[in-house]
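Each chain is listed here by its residues.
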Amino acid sequence: MISIDPLDEKGNKQHPLLDATGKLPLDVLHLEDNELDALIFLKASERCSRALNVTRVDTLADFNRQLEKPFPNLICADHVLPDGLASEAIARVKQICPEVPFIVITGAGEEDVAAEYLRAGAADYLSKKRLDLFPRALEDVIERYRNKALRELAEHKALRINEELLALIRHVEEERDEEKRSLSRDIHDQLGQELTALKLGLFWIQGKLRSADDPSTLELLNDKISELVELNTSTIQSVRNLAHSLRPVVLDQVGLEAGLESLVRDFNRRGLCFCGLHCLDLPDLPDGMRTDMFRIVQEGLTNISRHAEATLAYIRLQPERNGLLLEIGDNGLGMNMEAIQHQTTQSLGMVGMRERARNHQGVITLESAPNMGTSISIFFPEIQHS
């Protein structure tokens, strides 16, 4: 298992063994007691396509002391040493730095031990008679190392994404159940009562109209009608609120920009933080994309309201070359990005935003630092007109 963090999110973190350009030098620890063999190895290393910083030790004791320093990128060791065998060096490496490739260099008549070394964990072996092949052997070792690192990274990412998706599914199901319960309560407790009151009021008017023979009764009727009109207005608003909680109908009526304006207006009305909105020349967007952008901004504003302790925030949505750029930012508490990158799962809100962006091939970038605010940028490429 490669224990170093091989690649960042963009796949280009520069560990020397993973540097595809070959520009970063490799630190090589060479375990060899013979001066002539050490010189031949040094000459062979100079013919490699990348620079090697070779540190030589000639005993296992010196080798173990050298490993107490920063680990090398590669180890090359002679089979037979004054105080032991290279197998002891491999065993030590497997204990403290198993990710470092180990190449065994055998002398004349020792090639039969190569298979044993490979089973013990060596990355490759070379005969001292064929050290001219060292550059090619080195590139083979580096390629295998890189492939293993990429494979483990892909497995790690797949595991993390699966964990996030499972958590998101559970969260969505819980939210859906809660929305159903909330909708049921609202319909029963609010709309039911208001509509019942409206019905009783209409019955009352009906009864009074049968005996309306004086001005005072007519005045009462007018007052009651005004009361019912006000109640009816409240009921209509309740229906709109319930409908909005299920789907932002404002998107269908007046478009995404007006929908975002309503979100920002409601956010600013709470008075804890002021948010600015900038939308410029938005193209016609597919229905699903409008909804997902609306929900992304809604989630972003919710996170700012709950966690950021910000005084200023902004939403920016504008066309860019070959796409559309959405930015959400604030001047709040910010986050420790290094700690977030080592979390196995991220917040469900962030996972949901990423999944909504991914629905439209959006690429999301998060930038933050403690007490320096947070910025979320999402680039949606090749916007298709609806």
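Notes on the structure in this doc start here. What you see is a predicted model, and the numbers here were worked out from it, not measured in a lab. (Residues numbered from 1 in each chain as written. Predicted model: local features only at pLDDT ≥ 70, side-chain atom pairs only at ≥ 80, totals over all residues. Heavy atoms only, no water.)

1. Some details on the sheet that holds strand E9 (residues 312-320)
Argument step 1. Pairing is mixed in the open sheet, where 5 strands are placed in the order E8-E9-E10-E12-E11. Edge positions in the open sheet fall to strand E8 (274-279) and strand E11 (363-368), since each of these has one partner strand only. If you compare each strand with its neighbour and ignore which way they point, the axes differ by 10° on average.
Argument step 2. As defined by bridge partners, strand E10 (residues 323-330) adjoins strand E12 (residues 374-381) across 8 bridges and the pair is classed as antiparallel. Its bridge partner lying in E12, Leu325 is registered against Phe379.
Argument step 3. Contacts from helix H8 (residues 256-269) reach E8 and E9, with the element oriented near 170° to E8.
Argument step 4. Strands in contact with helix H9 (residues 287-308) are E8, E9, E10 and E12; relative to E10, the strand with the most contacts, it is inclined by about 15°. (Pairing = 2+ DSSP bridges. Helix = DSSP H or I, 4+ residues; strand = E, 2+ residues; numbered from the N terminus. Axes fitted to C-alpha atoms, helices over the stretch in contact; angles between N-to-C directions. Contact = heavy atoms within 4.5 Å.)

2. Quick notes on the nonpolar core
Nonpolar side chains in soluble globular proteins tend to end up buried together.
Argument step 1. Of all hydrophobic cores here, the largest spans 32 residues; its most connected members are Leu301 and Phe380.
Argument step 2. Only H8, E8, H9, E9, E10, helix H11 (348-358) and E12 provide two or more residues apiece to this core.
Argument step 3. A per-element tally of this core places H9 first, with 8 residues.
Argument step 4. Aside from chain neighbours lying at most four places away, what touches Leu301 is Leu263, Val264, Phe267, Cys275 and Ile315.
Argument step 5. Judged by nonpolar contacts, the second largest core, of 21 residues, contains Cys48, Ile105, Leu131 and Tyr145. (Core = buried A, V, L, I, M, F, W, Y, C linked by side-chain atoms within 4.5 Å. Buried < 20%, exposed > 50% of the residue type's maximum accessible area, 1.4 Å probe, protein only.)

3. A short note on the sheet that holds strand E2 (residues 52-57)
Argument step 1. Judged by pairing direction, the sheet is parallel, and its 5 strands sit side by side in the order E2-E1-E3-E6-E7 without closing on themselves. Of all strands in the sheet, those with a lone pairing partner are E2 and strand E7 (124-127), marking the two edges. Averaged over all pairs of adjacent strands, the angle between strand axes in this sheet comes to 20°, irrespective of strand direction.
Argument step 2. As paired elements, strand E1 (residues 26-31) and strand E3 (residues 74-78) share 4 bridges and run parallel to each other. Its bridge partner being in E3, Leu29 is matched across the sheet by Ile75.
Argument step 3. Running at roughly 170° to E2, helix H1 (residues 35-45) makes contact with E1, E2, E3 and strand E6 (102-106) of the sheet.
Argument step 4. In this fold helix H3 (residues 86-96) packs onto E1, E3 and E6, with an angle of close to 180° to the strand it touches most, E6.

4. Considering H3
Argument step 1. Taken as a whole, H3 has its buried residues at Ala86, Ala89, Ile90 and Val93. One face of H3 carries all of its buried residues, which in axial projection span an arc of 100°. Projecting away from the buried face of H3 at angles above 90 degrees are the exposed residues Lys94 and Gln95. (Arc of directions from axis to C-beta.)

These values are about where atoms sit, not about what they do.
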